[in-house]
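Fold and geometry: a report
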Amino acid sequence: MRRAFGLILLALGVFAVAGAVLLPAYVYPKLAKVPLDQDSTSILEGTASQVLAVTDKGDGPVSEIRKDADLVATAHVQANFAAPEMREDTDYAVWLLAVQVTDKADGTVLSASKRQVCFDRRTGEGYEPHGETDPKCDIKSSYVTELQDKAAKEGDKPPETNELKAQPGLNFKFPFGTEQQDYKVYDDNTGAAVTAKYSGTETVDGIEAYKFVQNIPDTKLGSKDVPGSLVGSTDPTVKADLYYRGVNTLWVEPVTGIEVKQQQQQHQELRVGTSGTSTVVFDGTLAYSPETVAKMADQVNANKGKLELLSSTGPLWFGIGGGVLIIASIVLLARRRRAEPPVPPRRREPVGAGR
């Protein structure tokens, strides 16, 4: 009976140790992926000391610089199931991000952007082709939408064109199991991956988060025709260069890689040639609204425990429990039964005795 019980403990111990190895090595990588189905909205709020607004009240577009404006930015993320990568067994997802910034005072749309990216569901890395014969993402699955300056007809919206463009660096989130190190994060304005430096740990809405700071240096984004009055010129139209610099701060919960808080400080200005003439068209700060921070914290609380069970706490307890069971089984199997007293040998009488 003792031997059978010892063998049962040994089997259970081996099973537990195997579970401690398989959970982080096999099960966790299979399950630690963002879901394909995504439809979410984040709100950022803030102020701008100066911002360019273009309005049209029926007499054609009018450009004006607004001071001390209260802003709200709406970022909507939508999964695109028409993309070929969107399969249940895939490691890549295709999501569309649309952002619109408005002036709270009158609802004027100050800026709008749209882009679609194919990215790794585990790491958050936007796919960038390097001449592979079997690329992970179709070339048409990643693009940035360009809005033309003028419409073909008066009163119509300017046409949109999709520029096929890889978007390297982290998109939408950080990797599962984010570490205390620097990461390359895709920047919408420059269209490049810019280093976000690890800057310590802070608590956000009860969540312990890693803080990352991304500094974007003064960068020329392009050139465009603008009203001369906007840049202090008497000419009706002037060619001006648009420059941008900014600081993006991201607070990331490390187990899930969710950005529980985000803040964007941006400065954009128009510069005309080498004259030194410049006009600030945006200088302000936007950050996640309290409601969005709370929503991100809820997502962390709903998923963090499950991921830790697979990657750390589960393997730890399986390993400890398995080790204890194996030791107990060895002790049981090795213990000998207490020796019984020897039976005295029977005395043999010699043949022929007593005759």
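Our subject is the structure listed above.
Overview of the structure.

We now examine the nonpolar core. Nonpolar side chains tend to gather and get buried jointly when the protein is soluble and globular. One finds Val51, Leu71, Leu110, Val204 and Val260 to be the most contacted residues of the largest nonpolar core, which totals 22 residues. If you list the elements that add at least two residues to this core, you get β1 (39–56), β2 (61–79), β9 (207–227), β12 (277–288) and α2 (290–311). Not counting residues within four places of it along the chain, the set of residues in contact with Val260 comprises Val204, Ile207, Ala209, Trp251, Glu253, Tyr288, Val293, Met296 and Val300. By size, the runner-up hydrophobic cluster in this structure holds 20 residues, among which are Val34, Ala75, Ala79 and Leu97.

Let us now look at the sheet that holds β12. One open sheet accounts for twelve strands, arranged β6-β5-β4-β3-β2-β1-β12-β11-β10-β9-β8-β7; its pairing is antiparallel. Here the strands that pair on one side only, and so sit at the sheet edges, are β6 (160–164) and β7 (183–187). With strand direction ignored, the average angle separating the axes of adjacent strands in the sheet is 25°. Inspection of the sheet shows strand β3 (residues 92–103) paired to strand β4 (residues 109–120) by eleven bridges, in the antiparallel sense. Bridging from a neighbouring strand, Val99 pairs with Ser113 of β4.

Bringing the pattern of salt bridges into the picture now. Scanning the entire structure with this criterion turns up 17 salt bridges. Across the pair Arg66 and Asp106 runs a salt bridge whose closest N-O atoms are separated by 3.1 Å. With Arg66 in strand β2 and Asp106 in the loop between β3 and β4, the pair connects residues that are 40 residues apart, well separated along the chain. Residue classification places Arg66 among the buried positions, given a relative accessible area of 13%. The salt bridge partner of Arg115 is Asp188, with a shortest N-O separation of 3.1 Å. Here the residue Arg115 occupies a position in strand β4, and Asp188 occupies one in the loop between β7 and β8 (192–204), the gap between them amounting to 73 residues.

This part covers the packing of aromatic side chains. According to the stated counting rule, one finds nine aromatic pairs in the structure shown. Consider the rings of Phe174 and Tyr183, whose centres lie 5.5 Å apart with planes at 75°: the pair is edge-to-face. For Tyr183, a relative accessible area of 11% corresponds to the buried category. Within the aromatic cluster, the residues linked to one another by ring pairs are Phe174, Tyr183, Tyr198, Tyr210 and Phe212. The residue whose ring lies beneath Arg115 is Phe172, and the NZ or CZ to ring-centre distance is 5.9 Å. The residue whose ring lies beneath Lys173 is Phe176, and the NZ or CZ to ring-centre distance is 3.9 Å.

Attention now goes to the environment of Lys33. Within the fold, Lys33 resides in the loop between α1 (2–31) and β1. Among the residues examined, Lys33 registers a relative accessible area of 18% and is labelled buried. Each C-alpha atom, one on Lys33 and one on Ala93, is 9.8 Å from the other, the two residues being 60 residues apart in sequence. Those residues in contact with Lys33 that sit more than four places away from it in its chain are Thr90, Asp91, Arg121, Arg122 and Phe176. A distance of 3.3 Å separates a polar atom in the side chain of Lys33 from a polar atom in the side chain of Asp91.

In terms of residue burial, strand β10 (residues 237–252) counts as a mostly covered element, since twelve of its 16 residues are buried. Where β9 lies against β10, 15 bridges are found, and the strand directions are antiparallel. Directly across from Phe212, in β10, lies its bridge partner Leu250. Examined bridge by bridge, β10 and strand β11 (residues 259–272) share twelve bridges and lie antiparallel to one another. From the neighbouring strand, Tyr243 faces β11, where its bridge partner is Glu269. Following β10, the chain reverses through six residues before pairing antiparallel with β11; Gly257 in that reversal takes a positive phi of roughly 80°.

It is worth spelling out unusual backbone geometry at this point. For Asp68, which is not glycine, the phi dihedral falls at a positive 50°. Tracing the chain through its elements places Asp68 in strand β2. A residue is classified by how much of its surface remains accessible, and Asp68, at 63% relative accessible area, is exposed. A positive phi angle is found at Phe172, which is not glycine, with a value near 75°.

Rules behind the numbers
- Residues numbered from 1 in each chain as written.
- Predicted model: local features only at pLDDT ≥ 70, side-chain atom pairs only at ≥ 80, totals over all residues.
- Heavy atoms only, no water.
- Core = buried A, V, L, I, M, F, W, Y, C linked by side-chain atoms within 4.5 Å.
- Buried < 20%, exposed > 50% of the residue type's maximum accessible area, 1.4 Å probe, protein only.
- Helix = DSSP H or I, 4+ residues; strand = E, 2+ residues; numbered from the N terminus.
- Contact = heavy atoms within 4.5 Å.
- Pairing = 2+ DSSP bridges.
- Axes fitted to C-alpha atoms, helices over the stretch in contact; angles between N-to-C directions.
- Salt bridge = Lys/Arg side-chain N within 4 Å of Asp/Glu carboxyl O.
- Phe/Tyr/Trp six-rings, centres within 6.5 Å; stacked < 30°, edge-to-face > 60°.
- Lys NZ or Arg CZ within 6 Å of the ring centre and 35° of its normal.
- Polar contact = N/O pair within 3.5 Å; in protein donor to acceptor, adjacent residues only side chain to side chain.

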